[in-house]
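Inside the fold
Below are the chains, spelled out letter by letter.
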Amino acid sequence: TNSYRDPIIEFVEALFVKFDFDGAREKLSECEVVLKHDFFVVACLESFVENARLLIFETFCRIHQCISIDMLAEKLAMTPDRAEQWIVDLIRNARLDAKIDSEKRHVVMTKSTLSVYEQVVEKTKGLTMRAQTLSQLISKK
């Protein structure tokens with residue numbers, strides 16, 4: 001068995017295996033320290049932290065439909081105002097299908113349903129590759 005552990009692996013495990021958002025936030029802080037001290041990846045620090053926050057946010061949003069901006073800011077280790085601006089930017093850049101309720105300070109996720117055409121495209125994306133693989137296997141025999 002592989003027993004190698006570091007904060008980055010533990011971050012992924014906390015987020016995608018345990019769905020432990022507080023643990024993921026703590027591991028993200030540890031990841032920042034590790035990346036700051038690694039000569040080869042220090043240039044990717046900002047990008048890593050931004051994408052890690054996005055992963056935390058997307059995973060959290062899959063589970064919850066209505067999210068308090070203050071709670072979200074805490075989960076993302078950001079100030080509430082910075083978190084709200086970050087969410088606004090995500091919505092503006094079409095990376096998030098949601099609305100912000102400014103009075104209640106909530107993010108309300110909107111359910112997006114795929115059209116029949118989009119569903120067919122999604123289900124058939126890998127068919128060409130699978131057909132080629134099968135064709136190669138058959139031709140070898």
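Residues numbered from 1 in each chain as written. Predicted model: local features only at pLDDT ≥ 70, side-chain atom pairs only at ≥ 80, totals over all residues. Heavy atoms only, no water.

1. Section: the packing of helix α1 (residues 7–17) against helix α2 (residues 21–36)
To keep it simple, the criterion reads: Angles run from 0 to 180 degrees between N-to-C directions of axes, and those axes are lines fitted to C-alpha atoms, restricted for helices to the stretch in contact. Strands are runs of DSSP state E lasting at least 2 residues, helices are runs of H or I lasting at least 4, and numbering of each runs from the N terminus. In these notes the angle categories are as follows: under 35 degrees is roughly parallel, over 145 is roughly antiparallel, 65 to 115 is roughly perpendicular, and the rest is oblique. Each crossing gets its hand from how the near helix is turned against the far one by less than a right angle, where anticlockwise is left-handed and clockwise is right-handed. Residues are treated as being in contact if the distance between any of their heavy atoms lies within 4.5 Å. Here the nonpolar group is Ala, Val, Leu, Ile, Met, Phe, Trp, Tyr, Cys and Pro; Asp, Glu, Lys and Arg are the charged ones; every other residue, Gly included, is treated as polar.
Running from amino to carboxyl end, α1 crosses α2 at an angle of 160°, the nearest separation of the two axes being 8 Å. What the angle tells us is that α1 and α2 run roughly antiparallel. Along this stretch, α1 crosses α2, giving a crossing that reads as left-handed. Only F21, G23, A24, K27, L28, E30, C31, V34 and L35 of α2 make contact with α1, whose side of the interface consists of P7, I8, E10, F11, A14 and L15. Of the residues in the contact of α1 with α2, the class split is 11 nonpolar, 1 polar and 3 charged.

2. Some points on the packing of α1 against helix α3 (residues 45–63)
Viewed as axis vectors pointing N to C, α1 and α3 meet at an angle of 15°, and their least axial separation amounts to 10 Å. Comparing the axis directions of α1 and α3 gives the class roughly parallel. Every pair of crossing elements has a handedness; the one defined by α1 and α3 is left-handed. Between α1 and α3, the contacting residues are I8, F11, L15 and F16 on the first element and F48, A52, L55, I56 and T59 on the second.

3. Examining α2
Our working rule: Here the expected length of a helix is defined as 1.5 Å per residue gap, with one fewer gap than residues. Working definition: with a 1.4 Å probe on protein chains only, accessible area under 20% of the residue-type maximum means buried, over 50% means exposed, and in between means partly exposed. Pairing of N or O atoms within 3.5 Å defines a polar contact, subject to two protein rules: one partner must be a possible hydrogen donor and the other a possible acceptor, and residues neighboring in sequence count only if both atoms are side-chain atoms.
Taking 1.5 Å of rise per residue, the 16 residues of α2 would be expected to cover 22 Å, and the 22 Å separating its terminal C-alpha atoms lies within 8% of that figure. Taken together, the buried positions of α2 are occupied by F21, G23, A24, R25, K27, L28, C31 and L35. Against α1, α3 and α4 (69–75) lie the buried residues of α2. Measuring from the side-chain oxygen of the N-cap residue of α2 to the backbone nitrogen of D22 gives 3.4 Å; that N-cap residue is D20.

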